Structures are given as structure tokens and as C-alpha cells.
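# Coordinates in review
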Amino acid sequence: MTPAAPALAGQARVSQPRASQVLRQLQDLSLVERAEYGRWRPRREDLLARFLAEYPGPGGSEQYFYSLDEPAEVAANAARANMRQRQVALSADVGPDLIRPWRRPSTLILYAKRVLNGADLGLVEAKGRHDANVIVRMPDDQSVFPAHEFVSELKGVEIPLADPVQMIWDLVDLGGADRAEAAEKLGQWLLSRR
């Protein structure tokens, strides 16, 4: 159950009238329904499906790198290097594997709030996405960084994770049947949480 519009407005950092307006639009799209006492009930599967179908991506810029190290090792090194400032958030393939293991990670998408020096992480610049096994994104859409800290532990390091919905989108964006299955499993995990 979702709280009433005033509580949602506070969480989203928007005005209460704007929150009510958005809730009415979502209701018109049959993505939420009114419940008792001014509360709202989300249709979580429909919301997730709609987001994945319409989200244009996080925007911003990307850096492409290659590493001989496993993507999980690169992720741990990036977290160690940027821990104090919480400047990074881990996504596919490694992030979903920490939540709901399904496939062996072969690529790392790392969201960063600033440009990272790949050499500091032992990375070599790749020619493009097709040559890279490490993609660093500096997104325009800051919602990839969860509002509430979402972390996992990897190789003795606490690692900030990207928003789970973003991880699902990233798995699908990277492509492949095994990643589609991993995205489905992560979606099931997300929808099962309350």
C-alpha cells in the first residue's frame, strides 16, 4: 500500500498538489488505484512493465573501458576508490548478480557522478561499446542513484548499487537471452518485496 499524497510528496520532494496530479494521471492509466483513507495501491507489475517499455535510458555520457580482471573485481576496486564520496553505483551485470545470482557477470555498468580515470582502476580505454567490458555512465537521470542507500558486499567491500529497476533496464539494454532471463528473475525479486 502506498501512503497518501502528502507523504508521497515529501518522499519525492515535490508539492502535495503535484503529487496528487501525478497520482490522478497514474490512476487514469490504470497503474494505481485508490484504497481506503486516501491511500493508493500501486499495480507494481504494470508500473514496471510500463517503465521498461517507455524509459529512454539515463542519458548523459559514457566511457568505455576494457579490463583483464573480472567485472566483480573492477566493481570492488571502483567502490574502494570512491567510497567516501559515494560517487558510484553498480549496475549490470555485477549488481543483479549480487541480488539474484543467475549468470556469470561479463560486463560491468558503473554509474558515476563524475568522470572516472580508468587508469586509476587499472582499466584500458576501449574503442567503443562493442570492445568494452566496463561501461562508466555519467547519467543525466540521477534516479539511477537510489534515494535510500542500497548496498551489497563484494570482496569485503560495501558497494553502492544502482536502483534495481535501472539494473533491470541495463540488463535488457546489454542484450542476450541469458540477460533477459536475469532481468526477469530480478524483476520477480523486486515485485516480491514490500
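Residues numbered from 1 in each chain as written. Predicted model: local features only at pLDDT ≥ 70, side-chain atom pairs only at ≥ 80, totals over all residues. Heavy atoms only, no water.

## Notes on the pairing of strand S8 (residues 151-154)
The following threshold applies: In this scheme, a residue with accessible area under 20% of its type's maximum is buried, one over 50% is exposed, and one in between is partly exposed, where area comes from a 1.4 Å probe on protein chains only. Helix and strand labels come from DSSP, where a helix needs a run of H or I of at least four residues and a strand needs a run of E of at least two; each type is numbered from the N terminus. Pairs of strands are assigned from DSSP output, requiring at least two bridges between the strands.
Burial along S8 is one-sided: the residues Ser152 and Leu154 are buried and none of Val151 and Glu153 is. Between the antiparallel neighbours S8 and strand S9 (residues 157-160) lie two residues, among them Lys155 with a positive phi of about 50°.

## Some details on the environment of Leu48
The test is simple: Residues are treated as being in contact if the distance between any of their heavy atoms lies within 4.5 Å.
Tracing the backbone shows Leu48 in helix H3 (residues 44-54). When its relative accessible area of 12% is taken as the criterion, Leu48 is described as buried. Here the alpha-carbon distance between Leu48 and Leu191, two residues 143 residues apart in the chain, equals 8.8 Å. When residues no more than four places from it in sequence are discounted, the contact partners of Leu48 are Val165, Ile168, Gly187 and Leu191.

## Some thoughts on the packing of aromatic side chains
Quick reminder of the rule: Any two of the Phe, Tyr and Trp rings considered here, Trp counted by its six-membered ring, make a pair once their centres fall within 6.5 Å; the pair's planes then place it as stacked at under 30 degrees, edge-to-face at over 60, or tilted in between. Any Lys NZ or Arg CZ that is within 6 Å of a ring centre and within 35 degrees of that ring's normal is treated as a charge sitting over the ring.
A complete count under the given rule lists two aromatic pairs for this structure. Ring centres 4.5 Å apart and planes at 25° place the aromatic pair Phe51 and Tyr55 in the stacked group. Assessed through its relative accessible area of 28%, Phe51 is described here as partly exposed. Between the aromatic rings of Tyr55 and Trp169, the centroid separation amounts to 5.4 Å while the plane-to-plane angle is 85°, which identifies the pairing as edge-to-face. Of this pair, Tyr55 sits in the loop between H3 and strand S3 (61-66) while Trp169 is found in helix H6 (residues 164-174), placing the two residues 114 residues apart along the sequence. Among the aromatic residues, those joined into a ring-pair cluster are Phe51, Tyr55 and Trp169. Positioned over the ring face of Phe145 is Lys113, at 4.9 Å from the centre of the ring.

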